[in-house]
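# A look at the structure
Now for the letters of each chain:
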Amino acid sequence: MSAGPPQRGRASGTQRMRAAVWYGAKDVRTEEVDVPAPGPGEVLIEVAYCGICGSDLHEYADGPHAIPVVEPHPASGATAPLVLGHEFCGTVVALGPSVTGLRSGDRVAVEPNYRCGRCPRCLAGEYNICRHFGFAGLMGNGGMAEYAAVPAYMAHRLPENVSLEQAALFEPASVALHALRRAGTTPETVMVVGLGPVGLLTVRLAAERGVRRIVAVDVSPARLHRAAGLGATDLVDARLEEGVGDRIRALTDGEGVDVAFEVAGSESTLRTCLDATRRGGRVVLVGLAEEVSLDSFALVNNEQSIVASVGYRDTYPELIRLVAERGLDLTPLVTSTIALDDLVPDGFEALLDGPGDQIKILVDPAARGGTAAVGAA
C-alpha cells in the first residue's frame, strides 16, 4: 500500500478527517473520525465533491430506509452509524493490496454500486440488480467526508479534460442514462414528468441523443425554465393545465408521446404518463412510489408497456466520453456548493424547507463552514 493520505495540517500520524455521519432521522453529525485504511482491492480517495441525493434527504428526514441498522449489509459489512454520500469523485491517494489499473494521483469518478460478482445477475452483466446490491454512502460508508475507501472497481479514471465538477454529476446522470436505455431505441417524442435532478438530466441526455420533441412537466416554473435551457421543446405546468395527458396529446397531433419517463414517484403522475403515451408506447418508471393502481383494461387495449429502471450499469464510460469528446456540460444543474459543516442547514434543511430553487447541492469537504457559494443559475 502507498503512503497514507496527507494530513491537512494536522500532526503527523493522527490520520483523522471530517465526515458527515448518519445516526438516525434528523441526526446527521459532522465530526472527526479515523481516515479509513483501504483494504484488499480498495482505494482511498480524497473527496473533491459529493452531491446531495434525494435518497440522502429521505434518510435524513425520516430514515432509515436503505441504511442498515440491525443486520450488516452483505456487500459492505456495515451498519449505522455510517458516512453518507454516494455522488462523489476525487483523487486516489492510497491503494490497498491487489489493486491494479489505478495509481496514486489519478482523478476518478466513483460509481458507488456494490456488487458481488457471483450471483446470476452479476454473471449476466446486470450488476445493478445484483442479489446483494447496495450503494456506498447508504449501505456502507460514503463520500461526505474528506476521504473515502471504496472497492477499486467503483473508480473510473478521468481524462484531463473532464473536471471533477463534471464528475460529481455522473451518478445522477447515470440514473437518467440508464432510464433512457430502458426506453429501447431512441424515440421521436418523449415526456419527462418530475424535474428534479434526475428528471432534468433525463431531458439533457434525451436532447444529447437527438430526441426530436421533449415535453417537460412539473409544478415549478423555475424548474420548467431550467428544463428549457437543457433541451426541452415543450413545457407543461401541471398546476395550470387541466388534463395534462390531453394537453400533451394535443402537442403531438392527438397521438401521444412514444415514451414517458415517470420521475416524480406518485400514482397521479404515473396515470398522467399513461394518458399521454401513444398506443404501443412505453412508460419508464424511475421515481419511487409505494403502491399504485392501474386501469389494466386500458393498458392492455392500448398495448402499452411499463418498465422499471433502477440504478445503472456500464454508464460511466459513456458519460466520460460525452463530456470529454462531445462537450456535454452537466454543471448547470449545480445551484450551490457548501461545506461539510453546513450540510444540515444549507443542504438538507434548505432542500426540505427552502423555496424550491435549489437543484443540485454539492458538498466540498475541503471548504470551511459558512462558505456556501452559488452555482450556475
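Shown above is the structure to which this text applies.
Residues numbered from 1 in each chain as written. Predicted model: local features only at pLDDT ≥ 70, side-chain atom pairs only at ≥ 80, totals over all residues. Heavy atoms only, no water.

### Examining the pattern of salt bridges
Taken as a whole and judged by the stated rule, the model has 19 salt bridges. Residues Glu 111 and Arg 115 are paired through a salt bridge, measuring 3.8 Å at the closest nitrogen-oxygen approach. For the pair shown, Glu 111 and Arg 115 are each scored as buried. Two residues, Glu 318 and Arg 181, come together in a salt bridge whose shortest N-O distance is 2.7 Å. Here Glu 318 is found in helix 10 (residues 316–326), whereas its partner Arg 181 is found in helix 4 (residues 170–182), with 137 residues between them in sequence. Assessed through its relative accessible area of 29%, Arg 181 is described here as partly exposed. (Salt bridge = Lys/Arg side-chain N within 4 Å of Asp/Glu carboxyl O. Buried < 20%, exposed > 50% of the residue type's maximum accessible area, 1.4 Å probe, protein only. Helix = DSSP H or I, 4+ residues; strand = E, 2+ residues; numbered from the N terminus.)

### Describing the side chain of Thr 277
Summarising the element assignment, Thr 277 is placed in strand 15 (residues 277–285). The class of Thr 277 is buried, set by a relative accessible area of 0%.

### Here we look at the pairing of strand 3 (residues 42–51)
Here strand 3 lies mainly inside the structure; 8 of its 10 residues are buried. With 8 bridges joining them, strand 3 and strand 5 (residues 87–95) adopt antiparallel strand pairing. Residue pairing for strand 5: Val 47 is matched across the bridge by Gly 90. Of the pairings in the sheet, the one linking strand 3 to strand 18 (residues 360–364) comprises 2 bridges and is antiparallel in character. Bridging across to strand 18, Gly 51 finds its partner in Leu 362. (Pairing = 2+ DSSP bridges.)

### Considerations on the layout of surface pockets
Of the voids in this model, the largest pocket is the one considered here, and its volume is about 1,500 Å³. Lining the largest pocket we find 46 residues, and of these Cys 53, Gly 54, Ser 55, His 58 and Leu 288 sit closest to its centre. For the lining of the largest pocket, the leading source of residues is helix 1 (residues 54–62), giving 6 residues. The wall of the second largest pocket is formed by 23 residues, among which Ala 78, Tyr 114, Gly 140, Asn 141 and Ala 149 lie closest to the centre. For the lining of the second largest pocket, the secondary structure elements donating two or more residues are strand 1 (16–24), strand 2 (27–34), strand 4 (82–83) and strand 9 (147–151). Counting residues per element, the lining of the second largest pocket draws most heavily on strand 9, which supplies 5 residues. (1 Å grid on protein atoms, 1.4 Å probe; cavity = no way out; pocket = protein on both sides within 12 Å on 5 of 7 lines; lining within 4 Å. Points joined across faces, edges and corners; volume = space filled by probe spheres on them.)

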